[in-house]
Amino acid sequence: MVGGNPYILVFYDIIIYMSNILWYLFKMKNIEPSYKILNPDNCVMCGMCLNHCPTYMISNNEAESPRGRISIIYGLNNAMLEPSKSALEHINSCTLCLACESVCPAKVDFYQLITAARDKYFKNQKIIFRIKSKLISLFLTNNIFKKIITFSISLLNQKFLKKFNKSIFKFMNYTQIQNSYITKTNKLDVQSSIGIFTGCASDIFEKNVATSCISLLKKNNISSEIINNIKCCGSLDYNSGRIKKGMLFNKAALKEFSNKKYKKIIGYASGCSTFINKNKEDIDYQDATSFILDTLNKKEDLNFKKTNKNICVHKPCTTKSAEIDFLGLLNILKLIPNLKIYTFDDDYCCGAGAQNILHNHENSKNIVKSKIDFINLNKIDLVLTFNIGCSLNFINSINLNEINKVQVIHPITFLNARIAI
Ligand code: SF4
Ligand code: SF4
């Protein structure tokens, strides 16, 4: 333990620094020349990030690693590389899980690096990539399109269409749709109420979470309602290379949040919470899972109905930045009698992030594979996850692997169903 003594800390830093340099020099000899062009001002090429990167893990390809991506971006920005299809593919395949950032001794700001590159070279992307990105944004943020998608999915989930759905729209099959929200509680006073931000994709695919959230809060004498007039937190566009558009959505959302209509704003997709936390100023925003854990932790007489299910609790990459206490969640779940709780035995991102599920579908499938094997091996009944992208990726892979009995739900929905009034 080195804590406390400043001399030991300085010595410790020097040792780390020297080992990084040695590691860098050693690696330089073993790396293909094309990867020696990365920016020496930032990355020291130590390679410490490599084994934390999900895309490197499945490909074993330097160009699919954080270090490879830094090199490609540096090459592009300094006109040493053309913004070719293959160069951009390596930038697009990053899931923005930021596992690399958390272990990087040089503190490379990976989020900034990748999003800026995606934005700068958006015009050079394949036409299909650009169309897809724009359509996803349109479908998830325009109210008319949202209604059409919600209706189509509900229709395709009807029993008589299940077979057709299963063979054609595997992705939609098994998506949990609820046709309507409880939009208002028996309101006490709006200013003492909690405003619930649904997020764009969650507003279509996880309406049930908003309803569970209202119900769970009501059981704890907290009034809440859904905020209807916000299109998106902005991360959808921002992360896929349309920074300007993303910031427009973000500013509009933050403006609405700051109108002091509610005591507090909560949102239940951890990806949205991460982006809002990054940009919020003077706004009382908290991730909904985090808020509900705080609420339940204050209760002395917490009672849960028993269940014999095997659940696996997934930890999205955005857990820390959304300020969700994952251990706290596990501790609350442990209070449920007979419940058997698992967590995945690897820490890798599930592969869904930054629209990979749509642009790099094969990657997402391959990255999540070890988790699907884990679900199978341990006979998991329910996967709990609090980010919509992860949820859709799990649902999709569960469908493709035909283990449809496994349900994917948000922890708020699960807690609400188990809590005894
Ligand atoms: S953000 Fe994640 S996927 Fe992207 S380079 Fe870093 S570790 Fe790899
Ligand atoms: S990004 Fe950071 S961890 Fe990765 S090789 Fe560069 S300095 Fe090392």
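Looking now at the overall build of the protein chain. Helix and strand counts for the protein chain come out as 20 helices and eight strands. In the protein chain, buried positions account for 44% of the 421 residues. Put simply, 73% of the contacts in the protein chain that link residues at least 6 apart link residues at least 24 apart.

Helix α6 (residues 110-120) packs onto helix α3 (residues 66-77) with a crossing angle of 45 degrees between their chain directions and a minimal axis gap of 11 Å. Overall, the two elements α3 and α6 adopt an arrangement that is oblique. Between α3 and α6 the crossing geometry is left-handed. Contact residues: α3 offers Pro66, Arg69, Ile70, Ile73 and Leu76, while α6 offers Phe110, Leu113, Ile114 and Ala117. Counted by class, the contact of α3 with α6 contains eight nonpolar, no polar and one charged residues.

With that settled, the discussion passes to the site of ligand 2. Around ligand 2 there are 15 residues in total, and Cys43, Cys46, Cys49, Cys104 and Ala106 lie nearest to it. Those elements giving two or more residues to the shell around ligand 2 turn out to be α3 and α5 (99-103). Among the elements that make up the shell around ligand 2, the one with the highest residue count is α3 (three residues). Looking at side-chain class alone, the shell around ligand 2 contains 13 nonpolar, one polar and one charged residues.

Remark: helix α15 (residues 288-297) packs on helix α20 (residues 411-418), axes separated minimally by 10 Å, with the N-to-C direction vectors making an angle of 30 degrees. Accordingly, the angle class assigned to the pair α15 and α20 is roughly parallel. Within the contact between the two elements, α15 uses Ala288, Thr289 and Ile292 and α20 uses Pro411, Ile412 and Leu415.

In this section: the environment of Gly267. Checked against the element boundaries, Gly267 lands in strand β3 (residues 264-267). Each residue touching Gly267, except ones within four places of it in the same chain, is listed here: Phe197, Gly199, Cys272, Ser273, Ile276, Asp287 and Ala288.

The next subject is the pairing of strand β5 (residues 310-313). Side-chain positions along a regular strand alternate between the two faces of the sheet. Pairing of β5 with strand β6 (residues 340-343) involves four bridges; the strand directions are parallel. Bridging across to β6, Asn310 finds its partner in Lys340. The handedness of the β5 to β6 crossover, carried by helix α16 (residues 326-333), is right-handed. Pairing analysis gives three bridges linking β5 to strand β7 (residues 382-384), with the strands arranged parallel.

With respect to topology, four strands assemble into an open sheet ordered β2-β1-β3-β4, the strand pairing being parallel. Only two strands of the sheet have a single neighbouring strand rather than two, namely β2 (224-226) and β4 (285-287). Going from strand to strand, the sheet's axes swing by 30 degrees on average, the running direction of each strand aside. Two elements, strand β1 (residues 194-197) and β2, share three bridges in a ladder whose sense is parallel. Along β2, the bridge assignment pairs Ile194 with Ser224.

This part covers the nonpolar core. One finds Ile196 and Cys213 to be the most contacted residues of the largest nonpolar core, which totals 101 residues. Leaving out residues up to four positions away in the same chain, Cys213 has contacts with Ile196, Ser224, Tyr268, Ala288 and Ile412.

Conventions and cut-offs
- Within any chain, residue numbers begin from 1 and follow the written order of that chain's sequence.
- As a convention, the first chain written is A and the first ligand written is 1, with the rest following in written order.
- Owing to the predicted nature of the model, reporting of local features is limited to residues with pLDDT of at least 70; listing and counting of side-chain atom pairs is limited to 80 or more, with chain, interface and lining totals taken over all residues.
- Strands are runs of DSSP state E lasting at least two residues, helices are runs of H or I lasting at least four, and both sets are numbered from the N terminus onward.
- With C-beta atoms placed from the backbone, the exposure class of a residue follows from how many other C-beta atoms lie within 10 Å of its own: 20 or more, buried; 12 or fewer, exposed; in between, partly exposed.
- C-beta atoms are first placed from the backbone for all residues, and any pair lying within 7 Å is then listed as a contact.
- Fitted lines through C-alpha atoms serve as axes, helices being fitted only where they are in contact, and the angles separating the N-to-C directions of these axes extend from 0 to 180 degrees.
- Here roughly perpendicular refers to angles of 65 to 115 degrees, roughly parallel to angles under 35, roughly antiparallel to angles over 145, and oblique to all remaining angles.
- Crossings are assigned a handedness: left-handed for a near helix turned anticlockwise from the far helix by less than a right angle, right-handed for a clockwise turn.
- As a working rule, the residues Ala, Val, Leu, Ile, Met, Phe, Trp, Tyr, Cys and Pro are called nonpolar, Asp, Glu, Lys and Arg charged, and the rest polar, with Gly in that last group.
- Only the C-beta atom, placed from the backbone, is used; a residue is near a molecule or strand if that atom lies within 6 Å of it.
- A pair of strands is considered paired only if DSSP assigns at least 2 bridges between the two.
- By convention, a crossover is right-handed whenever its connection, traced from the first strand over the helix to the second and viewed with the strands pointing away, goes clockwise.
- In this description, a nonpolar core means buried residues of the types Ala, Val, Leu, Ile, Met, Phe, Trp, Tyr and Cys, linked to one another by C-beta atoms lying within 7 Å.

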